[in-house]
Amino acid sequence: MKPLIEAAVVDMFEAGLPARFGVADLDCASGPNALALISTAINAVHHHLLGPAPAAASRCDELTVLLNDLPTNDFTSAMTGLPLLRQKHSVVGSGVDYWPGVFVSVVPGTFYGRLFPERTMHLVCSSFSLHWLSKVC
Ligand SMILES: C[S@@+](CC[C@H](N)C(=O)[O-])C[C@H]1O[C@@H](n2cnc3c(N)ncnc32)[C@H](O)[C@@H]1O
């Protein structure tokens, strides 16, 4: 998924990144993989924001990160990697004076229904869910 996510972020930079960038992982599950996709997405956005112009000229102040799975998912264990993720994407001590805020939330619910408010998500990822569906439509 990594090169696909990176390519999607590059496309978005070319189209003009919004000031508030929304990224979601449908079926985040729990355990070490729960934050893997969004970590890749955050890295890709940071890489382009801090890269050479014109990417560096893009202004993106906030990253909204939403993790979705069914309400029965173990979101508590999914969040155990969050402190590490925050540390990894922290500006402290990096010598970088511009770094967007990253805000992570969980969205319990089925992706067969509507999960997010209108016009809030720009990159939506999903990995290994088609063989694990809660129902077949
Ligand atoms: C095999 S896991 C995928 C884990 C993770 N995305 C990965 O790549 O390692 C499949 C996940 O899909 C979730 N899932 C299945 N049907 C779903 C639905 N209708 N809405 C949201 N999540 C669903 C399951 O709860 C499970 O956590």
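Above: the structure in question.
Conventions adopted
- Residues numbered from 1 in each chain as written.
- Predicted model: local features only at pLDDT ≥ 70, side-chain atom pairs only at ≥ 80, totals over all residues.
- Heavy atoms only, no water.
- Helix = DSSP H or I, 4+ residues; strand = E, 2+ residues; numbered from the N terminus.
- Contact = heavy atoms within 4.5 Å.
- Polar contact = N/O pair within 3.5 Å; in protein donor to acceptor, adjacent residues only side chain to side chain.
- Near = heavy atom within 4 Å.
- Areas by Shrake-Rupley, 256 points an atom, 1.4 Å probe, with all protein chains shown as cover.
- Nonpolar A, V, L, I, M, F, W, Y, C, P; charged D, E, K, R; others polar.
- Buried < 20%, exposed > 50% of the residue type's maximum accessible area, 1.4 Å probe, protein only.
- Pairing = 2+ DSSP bridges.
- Axes fitted to C-alpha atoms, helices over the stretch in contact; angles between N-to-C directions.
- Lys, Arg positive; Asp, Glu negative; His and termini not counted.
- Salt bridge = Lys/Arg side-chain N within 4 Å of Asp/Glu carboxyl O.

1. Observations regarding the environment of Ser-126
Note on placement: Ser-126 falls in strand β4 (residues 123-126). For the pair Ser-126 and Asp-25, spaced 101 residues apart in the sequence, the C-alpha separation amounts to 5.6 Å. If near-sequence neighbours (up to four positions away) are discounted, Ser-126 is found in contact with Met-1, Asp-25, Leu-26, Asp-27 and Leu-37. Side-chain polar atoms of Ser-126 contact the backbone oxygen of Leu-26, separated by 3.4 Å. Here the side chain of Ser-126 touches Asp-27 through a polar contact of 2.8 Å, side chain to side chain.

2. Considering the site of the ligand
Lining the immediate surroundings of the ligand are 15 residues, of which Asp-27, Asp-69, Thr-110, Ser-127 and Ser-134 lie closest. Separating a nitrogen atom of the ligand from a backbone N or O atom of Phe-111 is a distance of 3.0 Å. In this structure, an oxygen atom belonging to the ligand sits 2.6 Å away from a side-chain N or O atom of Ser-127. Taken by itself the ligand offers 610 Å² of open surface, and the protein chains cover 88% of this. Looking at the shell around the ligand, its residues break down into seven nonpolar, six polar and two charged.

3. Topic: the environment of Leu-133
Position of Leu-133 relative to the elements: it lies in the segment after β4. A relative accessible area of 31% places Leu-133 in the partly exposed class. For Leu-133 and Tyr-112, which are 21 residues apart along the polypeptide, the C-alpha to C-alpha distance reads 9.9 Å. For Leu-133, the residues in contact, after removing those within four places along its chain, are Phe-111 and Tyr-112.

4. A few points about the sheet that holds strand β2 (residues 62-69)
Judged by pairing direction, the sheet is parallel, and its four strands sit side by side in the order β3-β2-β1-β4 without closing on themselves. Where the open sheet ends on each side, the last strands, each with one partner, are β3 (101-108) and β4. Averaged over all pairs of adjacent strands, the angle between their axes in this sheet comes to 20°, without regard to strand direction. In the packing of helix α1 (residues 2-15) onto the sheet, the strands contacted are β1 (20-26) and β4, and the crossing angle to β4 comes to about 170°. The sheet contacts of helix α2 (residues 36-49) involve β1, β2, β3 and β4, and relative to β2 the element is tilted by about 165°.

5. Things to note about the side chain of Asp-69
Among the secondary structure elements, Asp-69 is positioned in strand β2. Buried within the structure, Asp-69 lacks any salt-bridge partner; its nearest side chain of opposite charge belongs to Lys-135, at an N-O separation of 14 Å. Here Ala-29 takes part through its backbone nitrogen, which lies 2.8 Å from a polar atom of the side chain of Asp-69. Residues in contact with Asp-69, not counting those within four places in the same chain, are Asp-27, Cys-28, Ala-29, Phe-75, Val-107, Pro-108 and Gly-109.

6. Let's talk about the pattern of salt bridges
One pass over the structure, following the stated rule, counts three salt bridges. Note that Arg-20 and Glu-62 form a salt bridge whose closest N and O atoms lie 3.0 Å from each other. A residue pair is termed long-range when its members are at least 10 positions apart, and Arg-20 in strand β1 and Glu-62 in strand β2 qualify at 42 residues. On the basis of relative accessibility, which here comes to 26%, the residue Glu-62 falls in the partly exposed class. Ionic pairing is found between Glu-118 and Arg-119, a salt bridge with its closest N-O pair at 3.9 Å. According to the relative accessible area criterion, Glu-118 is exposed, its value standing at 57%.

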